[in-house]
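Take a look at the letters that make up each chain.
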Amino acid sequence: LANNMDHIENVQIYKELEPFVTTIKQQHEDILKSAMMRQEFTANVTHELKTPLTSISGYAELIENGMAQGDDVERFATEIHRNAKRLLSLINDTLRLSELDSNDGDLLMEDVNLYDVASNCVNMLTLHAEENDVKFHLKGSNTHVKGSHSMIEELVYNLCDNAIRYNREGGNIWVVVDPEDHSILVSDDGIGISEENQSRIFERFYRVDKSRSRKTGSTGLGLAIVKHIAEQHGAKIELTSAENVGTTIKVIFPDPDK
Ligand code: ADP
């Protein structure tokens, strides 16, 4: 058995040992899977960090060699600044994810009012929405769930922030809190997500439109953080979306009284 860990099914075992062997096999598979995921994540992070750094280095070199004339200096400095900001967001989001990963299990269980969280996020983002010519509509009533206030706020903030960034001029965002099923949903009538992309957007670093996201400074980590926080709270995520119609993401929390 010890020599054939990868092909346990070929090993003859006593029936009494089967549950034990199944557990070992599962653990063995989990270890392999998590090692592979870590390796993939490291490769992705390295690649993502390299892109803005290459730009920064390139523009700085042009200035250093006296290749920047007149307006160029300002243009190159703008590019350096933009890429440096992007690098910072990538590092912050990556650190946040690894913090969430290492905190698995010991979640603070406070009483959290989803409606307060929603109204707070809407207040924080109203100015940003106005700048993008997008309107917020907050609906619902007090809804209590158990969890970490700051993490749930981060989840709702990320959903609202996406609803602004992937919207259109004159677009709307509805934030609805429902005490019936302890849920919060963020719905927009923005650009929407095609069916083939819908299953992938919660993956780390996945972005539908890479060139657009480079301009908006997105990292592809926002929804991975949302998914992580929802999992830690035992909450379910439902996504419905159609291209050029809009996107709705609903997060349903467990009943706090059960
Ligand atoms: P980021 O926004 O930083 O790229 P996210 O993980 O938050 O990363 O989102 C992943 C991708 O999913 C985005 O790049 C975007 O293409 C798509 N997306 C997320 N939210 C929406 C939305 N409300 N409407 C349309 N597309 C969205």
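For the structure, check the block above.
Because the structure is a prediction, the values reported are computed rather than measured. (Residues numbered from 1 in each chain as written. Predicted model: local features only at pLDDT ≥ 70, side-chain atom pairs only at ≥ 80, totals over all residues. Heavy atoms only, no water.)

Draft legend 1. Spatial organisation of the overall build of the protein chain. A tally of regular secondary structure across the protein chain gives 7 helices and 7 strands. Along its sequence from the N terminus, the protein chain presents helices and strands in the succession α-α-β-α-β-β-α-β-β-α-α-α-β-β. Relative to the 2.2 N^0.38 estimate, which gives 18 Å for 258 residues, the radius of gyration of the protein chain is 23 Å and therefore markedly larger than a compact globule would have. Taken along the three principal axes of its C-alpha coordinates, the protein chain extends 80 × 55 × 35 Å. Residue burial in the protein chain is summarised as follows: out of 258 residues, 37% are buried. Partitioning the contacts of the protein chain with sequence separation of at least 6, the portion at a separation of at least 24 is 70%. With the model as given, the accessible surface of the protein chain reaches about 15,600 Å², and the carbon-plus-sulfur share is 52%. (Helix = DSSP H or I, 4+ residues; strand = E, 2+ residues; numbered from the N terminus. Rg over C-alpha atoms; globule rule 2.2 N^0.38 Å. Buried < 20%, exposed > 50% of the residue type's maximum accessible area, 1.4 Å probe, protein only. Contact = heavy atoms within 4.5 Å. Areas by Shrake-Rupley, 256 points an atom, 1.4 Å probe, with all protein chains shown as cover.)

Draft legend 2. Quick peek at the site of the ligand. Of all residues adjacent to the ligand, which total 18 residues, the nearest are N162, Y166, S218, T219 and L223. Between R165 and the ligand, the recorded distance is 2.9 Å, taken from a side-chain N or O atom to an oxygen atom. Within the complex, the protein chains bury 96% of what would otherwise be the 530 Å² of accessible surface of the ligand. (Near = heavy atom within 4 Å. Polar contact = N/O pair within 3.5 Å; in protein donor to acceptor, adjacent residues only side chain to side chain.)

Draft legend 3. Here's a closer look at unusual backbone geometry. Phi at D133 takes a positive value of approximately 55 degrees, unusual for a residue other than glycine. On the secondary structure map, D133 appears in the loop between α3 (114–131) and β2 (134–140). With a relative accessible area of 43%, D133 lands in the partly exposed category. At F205, a position not held by glycine, the phi torsion is positive, near 70 degrees. Topologically, F205 is positioned in the loop between α5 (195–198) and α6 (210–216).

Draft legend 4. Structural context of the nonpolar core. One finds F136 and I184 to be the most contacted residues of the largest nonpolar core, which totals 46 residues. Ranked by the residues each element gives to this core, the list is headed by helix α4 (residues 149–165), at 8 residues. The residues touching I184, leaving out its near neighbours within four places in the chain, are L114, A118, V156, V175, V176, V177, I249, K250, V251 and F253. (Core = buried A, V, L, I, M, F, W, Y, C linked by side-chain atoms within 4.5 Å.)

Draft legend 5. Molecular detail of the pattern of salt bridges. Summed over the entire model, instances satisfying the criterion amount to 13 salt bridges. Residue E79 is joined to R82 by a salt bridge in which the shortest nitrogen-to-oxygen separation is 2.9 Å. Here R82 and E79 lie together in helix α2 (residues 71–102), a separation of 3 residues that amounts to about one turn. Measuring nitrogen to oxygen at the nearest pair gives 3.5 Å for the salt bridge that ties R165 to D161. With a gap of 4 residues between them, R165 and D161 both fall in helix α4, about one helical turn apart. (Salt bridge = Lys/Arg side-chain N within 4 Å of Asp/Glu carboxyl O.)

Draft legend 6. Local environment of the side chain of Q198. Topologically, Q198 is positioned in helix α5. In this structure, Q198 is in contact with I193, L239 and S241, ignoring residues within four places of it in sequence.

Draft legend 7. Seen up close, the side chain of E153. Within the secondary structure, E153 sits in helix α4. Although E153 lies buried, it forms no salt bridge, and the closest oppositely charged side chain, R96, sits 11 Å away as judged by the N-O distance. Those residues in contact with E153 that sit more than four places away from it in its chain are V117, N120, C121 and M124. (Lys, Arg positive; Asp, Glu negative; His and termini not counted.)

Draft legend 8. Inspection of the packing of aromatic side chains at higher detail. In this structure the tally under the stated criterion is 2 aromatic pairs. Their ring planes at 40 degrees and their centres at 5.2 Å tell us that Y59 and F76 sit as a pair that is tilted. Linking Y59 in helix α1 (residues 18–64) with F76 in helix α2, this pair joins segments that are 17 residues apart in sequence. Exposure remark for Y59: the relative accessible area of 23% places this residue in the partly exposed category. Over the ring of F41 we find R204; its NZ or CZ atom is 5.1 Å from the centre of that ring. (Phe/Tyr/Trp six-rings, centres within 6.5 Å; stacked < 30°, edge-to-face > 60°. Lys NZ or Arg CZ within 6 Å of the ring centre and 35° of its normal.)

Draft legend 9. How the structure looks around the state of the cysteines. Per the stated rule, a full pass over the model turns up 0 disulfides. There is no disulfide at C121, and the cysteine sulfur nearest it, in C160, is 5.6 Å away. Given a relative accessible area of 0%, C121 falls into the buried group. When its relative accessible area of 0% is taken as the criterion, C160 is described as buried. (Disulfide = S-S within 2.5 Å.)

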